[in-house]
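Below are the chains, spelled out letter by letter.
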Amino acid sequence: MKNKYLKLFVIIMALFMLSGCVHVNRDSYDTIANNIIDSNVYIYNHYDRGYKHYIPRGLSVKQSNAYNEIIKSNKYEYYLYVDLVSYFNKIEFEYKTNENAYYSSLIKDGKGLIEITQKDDNYLVVVQYNYAKVETLVKERDIKLAVSNSLIMLSTINYNNEVIQAMLDEGVLSLNERKVDVFNNDGKVNQNELQEIDEDNYRSDEEKEKDRDYIN
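Quick caveat: nothing in here was measured; it's all calculated off a predicted structure. (Residues numbered from 1 in each chain as written. Predicted model: local features only at pLDDT ≥ 70, side-chain atom pairs only at ≥ 80, totals over all residues. Heavy atoms only, no water.)

1. Let's talk about the overall build of the protein chain
Line of reasoning, step 1. Helix and strand content of the protein chain: eight helices and ten strands.
Line of reasoning, step 2. Expressed as a percentage of the 216 residues in the protein chain, the buried residues total 47%.
Line of reasoning, step 3. Of the contacts formed within the protein chain by residues at least 6 apart in sequence, a portion of 55% connects residues at least 24 apart. (Helix = DSSP H or I, 4+ residues; strand = E, 2+ residues; numbered from the N terminus. Buried < 20%, exposed > 50% of the residue type's maximum accessible area, 1.4 Å probe, protein only. Contact = heavy atoms within 4.5 Å.)

Have a look at this one:
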């Protein structure tokens, strides 16, 4: 009976975490990363070609294509890049920390990286995990929330091998896939990059999901 209640408690806490109700500012970056990655809660509310994942409460998709997404909150925009080819080929990455960064640390036995760099009055947060990367530029008070939101999106990515194989067979990925670096070295948004993203066959989230089952 005790184990039953303990399991229920863990599930409830995990659901609260994924809904954005946990006060992350009290935890260290390592604690935030470990709690989110180890939660193993399989909930999805956004579907794209080749993968699906969970978007935390308060965030919504602004633009999306097969492997790049712009996800917005009421104050910031998160830029998600999903490396479908590296996932499919099971390419192992060797992440390296940056001693000059505001914060830089490996996560999950070196299988990912959190890196935070100060850019004037803002902070560039880059989180890499599960063959994907999120970048966002935030105020100092929102760094841990940004790390939490990024890790929730990254850790819940679930890949569809059959769809990715079809995309490779069609030449979609080999011809068009490119890694997106949204921010310049000074932390400012690369407008040329954003313009290319806008022109890269983006459709609104509403248009993409109108013929699919969507979880609210």
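2. Looking at the confidence of the model for the protein chain
Line of reasoning, step 1. Averaged over all residues, the pLDDT of the protein chain equals 77, while 69% of them reach at least 70.
Line of reasoning, step 2. Low pLDDT, under 50, characterises residues 8-12; the stretch is placed with zero contacts to residues that sit more than four places away or in other chains.
Line of reasoning, step 3. Ignoring residues within four places in sequence, the model shows residues 182-191, a span with pLDDT below 50, making 23 contacts including any to other chains. (pLDDT = per-residue confidence, 0-100.)

3. Notes on the sheet that holds strand S9 (residues 132-138)
Line of reasoning, step 1. A sheet is described by the order of its strands in space; here seven strands give the open sequence S3-S4-S5-S9-S8-S7-S6, paired in antiparallel fashion. Because the sheet does not close on itself, it has two edges, and the strands there are strand S3 (60-64) and strand S6 (103-107). Direction aside, the axes of adjacent strands within the sheet are offset by 15° on average.
Line of reasoning, step 2. Bridge analysis of strand S5 (residues 77-82) against S9 gives four bridges, and the strand direction is antiparallel. Each bridged residue has a counterpart across the sheet, and for Val 82 the counterpart in S9 is Ala 132.
Line of reasoning, step 3. Each of S6, strand S7 (112-119) and strand S8 (122-129) touches helix H2 (residues 29-37); the most contacted strand, S6, lies at about 30° to it.
Line of reasoning, step 4. The sheet strands contacting helix H4 (residues 143-155) are strand S4 (68-72), S5, S6, S7, S8 and S9, and the helix crosses S8 at an angle near 25°. (Pairing = 2+ DSSP bridges. Axes fitted to C-alpha atoms, helices over the stretch in contact; angles between N-to-C directions.)

4. Section: helix H5 (residues 161-170)
Line of reasoning, step 1. Where H5 begins, the side chain of Asn 160 points an oxygen toward the backbone nitrogen of Glu 162, at a separation of 3.2 Å.
Line of reasoning, step 2. Directly beyond the C-terminal end of H5, a positive phi value near 80° is found at Gly 171. (Polar contact = N/O pair within 3.5 Å; in protein donor to acceptor, adjacent residues only side chain to side chain.)

5. Observations regarding the pattern of salt bridges
Line of reasoning, step 1. Overall, the coordinates contain five salt bridges when judged by the stated rule.
Line of reasoning, step 2. Salt-bridge contacts for Lys 62 lead to Glu 77; the nearest nitrogen and oxygen are separated by 2.7 Å. With a gap of 15 residues between them, Lys 62 in strand S3 and Glu 77 in strand S5 connect regions that are remote in the sequence.
Line of reasoning, step 3. Classification of Glu 77 by relative accessible area gives partly exposed; the value is 26%.
Line of reasoning, step 4. Between Lys 133 and Glu 135 there is a salt bridge, with its nearest N and O atoms 3.0 Å apart. By the burial criterion, Lys 133 is buried, and Glu 135 matches it. (Salt bridge = Lys/Arg side-chain N within 4 Å of Asp/Glu carboxyl O.)

6. Looking at the side chain of Asp 83
Line of reasoning, step 1. Looking at the element boundaries, Asp 83 is found in the loop between S5 and helix H3 (84-88).
Line of reasoning, step 2. Residue classification places Asp 83 among the buried residues on the basis of a relative accessible area of 14%.
Line of reasoning, step 3. There is a polar contact of 2.6 Å between the side chain of Asp 83 and the side chain of Ser 86.

7. Quick look at the packing of aromatic side chains
Line of reasoning, step 1. Under the definition given, this model contains six aromatic pairs.
Line of reasoning, step 2. Each ring, one from Phe 93 and one from Tyr 95, has its centre 6.1 Å from the other, and the planes form 35°; the classification is tilted.
Line of reasoning, step 3. What makes Tyr 95 buried here is its relative accessible area of 15%.
Line of reasoning, step 4. Each residue in the set Tyr 87, Phe 93, Tyr 95, Tyr 131 and Tyr 159 is aromatic and connected to the rest through ring pairs, giving one cluster.
Line of reasoning, step 5. Cation over ring: Lys 90 sits above Tyr 87, and NZ or CZ is 3.9 Å from the ring centre.
Line of reasoning, step 6. Directly above the ring of Tyr 29 sits Lys 144, whose terminal nitrogen or CZ lies 5.5 Å from the centroid. (Phe/Tyr/Trp six-rings, centres within 6.5 Å; stacked < 30°, edge-to-face > 60°. Lys NZ or Arg CZ within 6 Å of the ring centre and 35° of its normal.)

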